[in-house]
Each structure stands twice: as structure tokens, then as C-alpha cells.
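Below are the chains, spelled out letter by letter.
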Amino acid sequence: MKAIGSAALLPILPRRLFASTNARRCRPSDSTWPSDSAWKQLNESVGGNLIPVNFPLAALKTDPEVDAAKLLSELKNPYYIGDQPGLTQTLGWVDAWATKPSVYAVAARNAHDIAEAVNFARANNLRLVVKGGGHSYQGTSNAPDSLLIWTRHMNDIAMHPAFVPNGCEHTMKPQPAVTVGAGTIGMQAYQAVTTNGGKYVQGGGCTTVGLAGLVQGGGFGSYSKHYGSAAGNLLEAEVVTADGQIRIANACTNPDLFWALKGGGGGSFGVVSKMTLRVHDLPEFLGAANFTVKASSDDAYRRLLREFVSFYHEHLFNDHWGEQAEVNPDNTLEIKMSCYGLDAEQAKKVWQPFLDWVARAPHEYSLKGRVAIGSIPARHWWDVQWWKEHWPEIAFPNPNGNFLIGLLDYGLVHLLQPVLEFDNRPGARPDNAWWKGDGGQVSWFIWGYESLWLPASLLENDAQQRLADALFAASRISGVGLHFNKGLAGAPPDAISGARDTAMNPAVLNAFALAIVADGQGPAYPGIPGHEPSIAEGRKAAQRIDRCVNQLRAVAGETGAYVSESNYFEKGWQQSYWGSNYSRLVEIKRKYDPDGLFIVHNGVGSEQWSADGFTKL
Ligand SMILES: Cc1cc2nc3c(=O)[nH]c(=O)nc-3n(C[C@H](O)[C@H](O)[C@H](O)COP(=O)(O)OP(=O)(O)OC[C@H]3O[C@@H](n4cnc5c(N)ncnc54)[C@H](O)[C@@H]3O)c2cc1C
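Bear in mind the structure is a predicted one, so any value in this text is a computation, not a measurement. (Residues numbered from 1 in each chain as written. Predicted model: local features only at pLDDT ≥ 70, side-chain atom pairs only at ≥ 80, totals over all residues. Heavy atoms only, no water.)

Asks: Is there a simple way to think about the overall build of the protein in this case?
Replies: Scanning the protein from terminus to terminus reveals 18 helices and 22 strands. Computed over its C-alpha atoms, the radius of gyration of the protein comes to 24 Å, within 12% of the 25 Å expected for a compact globule of 617 residues. Each principal axis of the C-alpha distribution contributes one length, and for the protein these read about 75 × 65 × 50 Å. Looking at the protein residue by residue over its 617 residues, the buried ones come to 59%. Put simply, 75% of the contacts in the protein that link residues at least 6 apart link residues at least 24 apart. Split by element, the accessible area of the protein, about 23,300 Å² in all, is 51% carbon and sulfur. Taking the 53 positively charged and 59 negatively charged side chains of the protein as two groups, their mean positions are separated by 4 Å. (Helix = DSSP H or I, 4+ residues; strand = E, 2+ residues; numbered from the N terminus. Rg over C-alpha atoms; globule rule 2.2 N^0.38 Å. Buried < 20%, exposed > 50% of the residue type's maximum accessible area, 1.4 Å probe, protein only. Contact = heavy atoms within 4.5 Å. Areas by Shrake-Rupley, 256 points an atom, 1.4 Å probe, with all protein chains shown as cover. Lys, Arg positive; Asp, Glu negative; His and termini not counted. Charge placed at Lys NZ, Arg CZ, Asp CG, Glu CD.)

Below, the structure is given as C-alpha cells:
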């Protein structure tokens, strides 16, 4: 049995909590594997959308004729990967998992196809796996010898000016909302809701993350410090449960299932076929602040961190500022923050005292490269065509002032690098684009990855020194990313109350940031010459990451980790991911999936299954 982690959970997790039917799921080598005619029948019932799953990387190992350079370059395109039922955005994790294709996939078009696949898997005792955007770091959307429900093509999007969840007619007021198919990724939702609709929906920061996986993990985007978590914005889901029923889940109908889908972890409670999310007004401007300060000595770096903690508390700890600051071993502090609702002048004004502080000690601090602080009309933030058209103006600011990015230039380079990358495959959707900053993780083989919510109490005056010291100590071991948009302290009351009514660890409500420490390489996959994962280096990195995060654990007190961005080997994961909500999630799992059809690594109820999800323990 896998370690349960927290002794406190033992009473609620008796070994036979879930009903037991089949002790072992069947594999293609078993005599009980469905016959060809059974598969044929399934294919007919899903309109011919049952497909054998190809593993594109196999060709790199076995086919000397394959154009390896082309395939490796496609592996840097997240849209190419997303279009392959046999691939995932992360290719694996040292000593944990390496992506493997299912035997067959149902390329689902609607809830009916999903229900057929669920019924077939249940009736034939198959390992079932669900994939949308394919961005699980933990490998929970792939499993060898399984049947895959692949929602990639379910990306219809419909806006509603006045939506009322089914059955809530007497208790909820109509509100603007958007319904997205289960395969919808962030960029598609932003195009429909923001670029075309002039409104806002809470998707991920990374444009290629699937909304269904995002919401079920909790989910944060660059502007979550204002709008809250993705889960907190869910109004309704259509979901196929293990019994093959197509159910509506919202605050009034199946409210327990609804709550579990809001942050209880993807792939554990059923298959979401579509979701309806709250739609918000846009501010006039969305923007960013990007620059790097380098300290000339360790002592100067300590003082820089101390100053930044205090500056953050006083000027940035509010719903205007999200995304990240990176605290690095080379004594650099990299600011990569997003900005909500401020024009370029207002945004610059916020940072001026900090930049002045840096400028006052030129022997101790220098700016590496440009300082870019600015905003653009919010509606264009994800407007791919607009970015393409305005690039030259942004890169070479026009003295007449009709360019829209404000640049604070400190006598250094005047050039803004392109921020988006595009899917240049023939026939690709014109809005297929991703932020350059996310590109490094495409086809990643992870060495180590950990996260920790940092409570806002660490920002109090008497704790700031401790926090700065812990950040300094951690940075001696590895780089630390502080993701301010992934902790909701400082957010408006609506955002907090939405997130409070989800299954996420309540620690998220009091955290000013999620600290993430991670490392990996890519593209890499076992057995591909020249692209083998470095196992020894990966193991060393994992140890380093753990030691680094321990420095932060020492000051954070009792807190948690974000299920979707956390350690595969998370200790006490039930407590870490869900805290006091775990026992309620277990009850809901037992009600809707008593036989464990939906099992993912470190998901609710997975204690009862072997690591590969095939054998009941
Ligand atoms: C490069 C990268 C950037 C990221 N950036 C962010 C970020 O900015 N903010 C953030 O909060 N997180 C981020 N994440 C984490 C991401 O939110 C989670 O991994 C999320 O679960 C991905 O959803 P998906 O649909 O893309 O992935 P998938 O791998 O397809 O699914 C993730 C999990 O959800 C399940 N699932 C998917 N679709 C369904 C469905 N329809 N019904 C039931 N279960 C389903 C899968 O079985 C799996 O267990 C990032 C991850 C990566 C790899």
C-alpha cells in the first residue's frame, strides 16, 4: 500500500473504504481483453471515433528514415504535442514516469461519446484515462495499456449574457458566463471571451493548459490575484460519472460533485464534458513589469531581498500585481510580474521607489538588460493578430507616443523581445500562440518539482527579515520562483469567497504566493539517442530542490502545495493538496465512483490502488 502520509488521516481511510469488485484491470495480453468485435462495436457507438494510439517518439528509436530534426523541433511546439493522442506536454519525470500511449482512444465529440467509453471501460474492466490539454506534470493523463478519453476536439465555446445554473432559478441571479467544451485550452477561451467578446474568463497563465484540468486542480492565471482561482469561477459542469450517467453539477444540482470538481483534482470524479465559467468585465489596461537586478555580493543580495520583501508588502501586495519574481543563486532578482488595471504611467510610478533604491547604490546593484514596465489595452492581451501587427512598434518605440507599451529605459537596450511564439504548421489556427516564457517546459523531462504556499503572515513587519533570510538561504541551493498570482491573500473579497467554496487546501486563501522550485531538461525521453534524460543529474537536482524548499518550509509553518504544480513524491499529499477538505472528498469519491474507475497518481482514493492503477490493494 502506498504511504498514506499523514497519520491523522488513518481513521478516515480504512483499507476497504471503497467497494471492491475487480482486483485487477485487464491488459491487452490478458484473455479478458475485449475482442476485436467488441472494439468494433465501441467504434460504431462513438461515430467511428475510436482510434489506435500512435506514439510519435517510437519512430526516433526504431525508424532510421525518420526526419529526427523535424520531429524534435515539433516537440517544442505545444500545439503539435496537444494534437497527438499519444503524447503529453511533459514527457516524464526522473524515477517517476515516462509518457506512454494508450492502446485506443475515443476522440470524443460530446457527452454521449464519453458515456459510451466510460461504460465500455467499466464493463470490460479497463484502465481508463482522460486527457484534455495534456499538461499534467504528474503524468495523470497517460497510462499504457489503457483506454483514453481524449477531449482535444471538444472546444465549442458559447457566451451567455445572463446564465443561471440549472435548478438555481430561485437562488441565483443571472450573470454573464461562458460555456466551454472539455478540450478547450486557455488561448481559445481568451480569444472568444477577451479578444472577441471584450470580457474576461479565468484560464491559466500558460495559454495551452486545458481548462477542464485547470479548474479541477484549482487553477490560476496571470490575473488571478484579481479574479480568483479558475475553480472559484466555475458555475456549472456537465460530467459523465462512473455509472455512465451524464449529470449536471452546480450549486443546486449535485452540489457535492460540483464542489469536488472545483479543485479536487483532475481525473478522479468523472469526465467533464463541458463547463460554464463566470465572465467578468475587463479593466482598461493589462500589463507587465520585467527587469532583473543583480547584486555584486552575497551581502548586497541579502539586502536586496530584504528590500524587495518590504517593497512587495507595501506596494505590490494587492490585486494589481501577479505572476512572478525569481530569486536566483547568481544573486539576481528577476521581476516577471503581471499588472491589472494600471496604465503604463501608473505602473511605472509603483516601481519607481524600488528602482530608485537600486539606483542609489550603483556599486552594489546593476540592472541586467532593459527595464520594461507597461500596459496595453486589456482586450489585446491575448489578441494574437494584434501582437503580430504591433511588434515593430513595440520593439522600436515610436517617439510620437502612438505605441502602447510604456518602456522605462535606463540607458540600456531599447528592445523588447518578442513575447509570443506561434504555431507555424500549415493549417494551424491563427490564434495558436504561447508565451515564450512557457516554451522551456514543452517536452520537459522533469528532474524535480516542488511547491509551497507562503502565508501572508510572513509579510508582517516582524517576519519580513525571516522571510528574506529564508529566501536567501534557499537561493544558495537553487532558484526559487515566487508566483504571487497563485496565492490569494491580497485578492478582493469575491475572489476569496469563490475560492473558499472549493476543495483546494484552504492554505491558498492566506498565502501571498506559491513558491515553486523546479528543474528539468528537454526534449528528452528514454532511449532517444542524444536526448536521454540525465538520470544521475536529475536525482541530484531533485535532492537540491528538496533542500531548497526545506529552507522555506522552516519559516512557512503548516501550509500546503498546489496539486497541479507539485512534487510527484509529495509526502502526505492528501493533507498537502486538500488539507481539511480531504475527508469530504473521500466521501464524494465513494458516492460517485465506488469501484475506482477514475484513478490518478496521488488523486483522491488512489491509496486503494497500485502505482500503475491496475491492481486494487
Ligand atoms: C507548461 C505548463 C504550464 C502550466 N501553467 C499553469 C498555470 O499558469 N496555472 C496553473 O494553475 N497551472 C498551470 N499548469 C498546471 C496545469 O494547470 C495542470 O497540469 C492542469 O491539470 C492541466 O490540465 P490539462 O487539461 O492541460 O491537462 P491534462 O493532462 O489533460 O489533464 C490534467 C488532469 O485532469 C484530468 N482531466 C483532463 N480533462 C478532464 C476532463 N474533461 N474530465 C475529467 N478529468 C480531466 C486528466 O485526467 C488529468 O488527471 C501548467 C502546466 C504546464 C505543463
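Asks: How should I be thinking about the site of the ligand in this particular structure?
Replies: With respect to spatial proximity, 32 residues lie near the ligand, and among them V130, G132, S141, F220 and Y562 are the closest. In this structure, an oxygen atom belonging to the ligand sits 3.0 Å away from a main-chain N or O atom of G133. Separating an oxygen atom of the ligand from a backbone N or O atom of G210 is a distance of 2.8 Å. Burial of the ligand by the protein amounts to 96% of the accessible area it has alone, namely 950 Å². Contributing elements (two or more residues each) for the shell around the ligand: β5 (128-131), α7 (211-217) and β12 (271-278). (Near = heavy atom within 4 Å. Polar contact = N/O pair within 3.5 Å; in protein donor to acceptor, adjacent residues only side chain to side chain.)

Asks: Honestly, the packing of helix α10 (residues 298-316) against helix α14 (residues 464-475) in this entry has me stumped. Any pointers?
Replies: A pair of packed helices can be characterised by two numbers: the angle between their axes and the separation between those axes. Close contact between α10 and α14 brings their axes to 9 Å; oriented N to C, the two are set at 130 degrees. One finds that α10 runs oblique with respect to α14. Note that α10 runs across α14; the crossing there is right-handed. Touching D298, Y301, R302, L305, R306, V309, S310 and H313 of α10 are Q464, Q465, L467, A468, D469, L471, F472 and S475, all from α14. (Axes fitted to C-alpha atoms, helices over the stretch in contact; angles between N-to-C directions. Parallel < 35°, antiparallel > 145°, perpendicular 65-115°, else oblique. Left-handed = near helix turned anticlockwise from the far one by under 90°.)

Asks: Help me understand the state of the cysteines in this model?
Replies: By definition, a disulfide links two cysteine residues through a covalent bond between their sulfur atoms. For the structure on display, the rule yields one disulfide. The disulfide bridge from C168 ends at C252, spanning 2.1 Å between sulfur atoms. One disulfide, between C168 and C252, carries an S-S torsion of 120 degrees and so falls in the right-handed class. Placement of C168 in the loop between β7 (157-163) and β8 (175-181) and of C252 in the loop between β11 (246-250) and α9 (255-261) is noted, with a sequence separation of 84 residues between them. (Disulfide = S-S within 2.5 Å.)

Asks: What is the right way to look at the packing of aromatic side chains in this model?
Replies: Each aromatic ring pair is specified by the distance between its two centres and by the angle formed by the two planes. Taken as a whole, this structure holds 41 aromatic pairs when the rule is applied. The interplanar angle of 85 degrees and the centroid separation of 6.3 Å between the aromatic rings of Y223 and W382 together place this pair among those described as edge-to-face. Of this pair, Y223 sits in the loop between α7 and α8 (224-227) while W382 sits in the loop between β17 (365-377) and α12 (384-395), placing them 159 residues apart in sequence. When its relative accessible area of 2% is taken as the criterion, Y223 is described as buried. On the basis of relative accessible area, W382 is assigned to the buried category, the value being 2%. For the ring pair W381 and W435, a centre distance of 5.9 Å and an interplane angle of 45 degrees mean the geometry is tilted. (Phe/Tyr/Trp six-rings, centres within 6.5 Å; stacked < 30°, edge-to-face > 60°.)

Asks: Sorry if this is basic, but what is going on with helix α16 (residues 535-556) here?
Replies: Helical geometry note: an α-helix holds 3.6 residues per turn, so side chains three or four residues apart project in the same direction. Counted at 1.5 Å a residue, the expected span for α16 with its 22 residues is 32 Å, and the 31 Å between its end C-alpha atoms agrees. Turning to α16, its buried residues are G538, A541, I545, C548, V549, L552, V555 and A556. Where α16 is buried, its residues contact β20 (444-455), α14, β21 (480-483) and β22 (511-521). Phi for G557, located one or two positions after α16, is positive at around 70 degrees. (Expected span 1.5 Å × (residues − 1).)

Asks: Looking at this model, I keep getting lost on the packing of helix α1 (residues 36-45) against helix α5 (residues 111-123). Mind explaining?
Replies: The interhelical angle for the contact between α1 and α5, taken along N-to-C directions, is 160 degrees, at an axis separation of 9 Å. Of the possible angle classes, the one that applies to α1 and α5 is roughly antiparallel. Considering the relative orientation of α1 and α5, their crossing is right-handed. Here A38, W39, L42 and S45 of α1 come into contact with α5, specifically with H112, D113, E116, A117 and F120.

Asks: How should the environment of G82 be read in this particular structure?
Replies: Here G82 is to be found in helix α4 (residues 78-82). Overall, the relative accessible area of 7% leaves G82 in the buried class. When the C-alpha positions of G82 and L355 are compared, they lie 41 Å apart, and in sequence the two are 273 residues distant. Once residues within four sequence positions are removed from consideration, G82 is found in contact with Q89, W150 and R152.

Asks: What is the right way to look at the sheet that holds strand β16 (residues 332-340) in this model?
Replies: Backbone-to-backbone hydrogen bonds pair the strands of a sheet. The strands run either parallel or antiparallel. Read across the sheet, nine strands follow the order β3-β2-β20-β22-β21-β15-β16-β14-β17 without closing on themselves; strand pairing throughout is mixed. Each edge of the open sheet carries a strand with a single partner, namely β3 (97-98) and β17. One ladder, built from nine bridges, connects strand β14 (residues 285-295) with β16; its direction is antiparallel. Directly across from A289, in β16, lies its bridge partner M337. Running at roughly 10 degrees to β16, α10 makes contact with β14, β15 (321-327), β16, β17 and β22 of the sheet. (Pairing = 2+ DSSP bridges.)

Asks: Looking at this structure, how should I read the side chain of S136?
Replies: Its location among the elements puts S136 in the loop between β5 and β6 (147-150). On the accessibility criterion, S136 (17% relative accessible area) is buried. In terms of polar contacts, S136 uses its side chain to reach the backbone amide nitrogen of Q138, at 3.1 Å. One polar contact links the side chain of S136 to the main-chain amide nitrogen of G139, over a distance of 3.1 Å. With residues up to four places along the chain from it excluded, the contact list for S136 reads T90, W97 and S141.

Asks: What's the story with the pattern of salt bridges in this structure? I'm lost.
Replies: Here the idea is simple: oppositely charged side chains can pair when their charged atoms come close. A full pass over the atoms with the stated rule returns 26 salt bridges. D243 is the partner of R247 in a salt bridge, and the nearest nitrogen-oxygen pair spans 2.5 Å. Among the charged side chains, a salt-bridge network with shared partners connects D83, R152, D423 and R425. (Salt bridge = Lys/Arg side-chain N within 4 Å of Asp/Glu carboxyl O.)

Asks: Help me out: how do you make sense of the nonpolar core in this one?
Replies: In a soluble, globular protein the nonpolar side chains are often hidden away together inside. Counting residues in hydrophobic clusters, the biggest one holds 82 residues, and the most contacted among them are M275, W381, W382 and W453. Counting 59 residues, the second largest nonpolar core, distinct from the first, contains A347, W357, A515 and I545. (Core = buried A, V, L, I, M, F, W, Y, C linked by side-chain atoms within 4.5 Å.)

Asks: Sorry, what's going on with helix α18 (residues 582-592) here?
Replies: Those residues of α18 not exposed but buried are Y582, L585, V586, I588, K589 and Y592. End-on, the buried residues of α18 take up no more than an arc of 165 degrees, which puts them together on one face. In this structure, the buried side of α18 is in contact with β11, α9 and α17 (573-578). (Arc of directions from axis to C-beta.)

Asks: Could you clarify how one ought to interpret the pairing of β16 in this entry?
Replies: Counting buried residues along β16, seven of its nine residues qualify, which places the element largely inside the surrounding structure. Turn length for the β15-β16 hairpin, with the two strands adjacent in sequence and antiparallel, is four residues, and the turn residue N331 shows positive phi of about 60 degrees.

Asks: What is the right way to read the side chain of N250 from this model?
Replies: The residue N250 is located in strand β11 in this model. With relative accessibility at 0%, the residue N250 sits in the buried group. Looking at N250, its side chain comes within polar contact range of the main-chain oxygen of N166, at 2.8 Å. In contact with N250, not counting residues within four places along its chain, are P165, N166, C168, L235, E236, P255 and F258.

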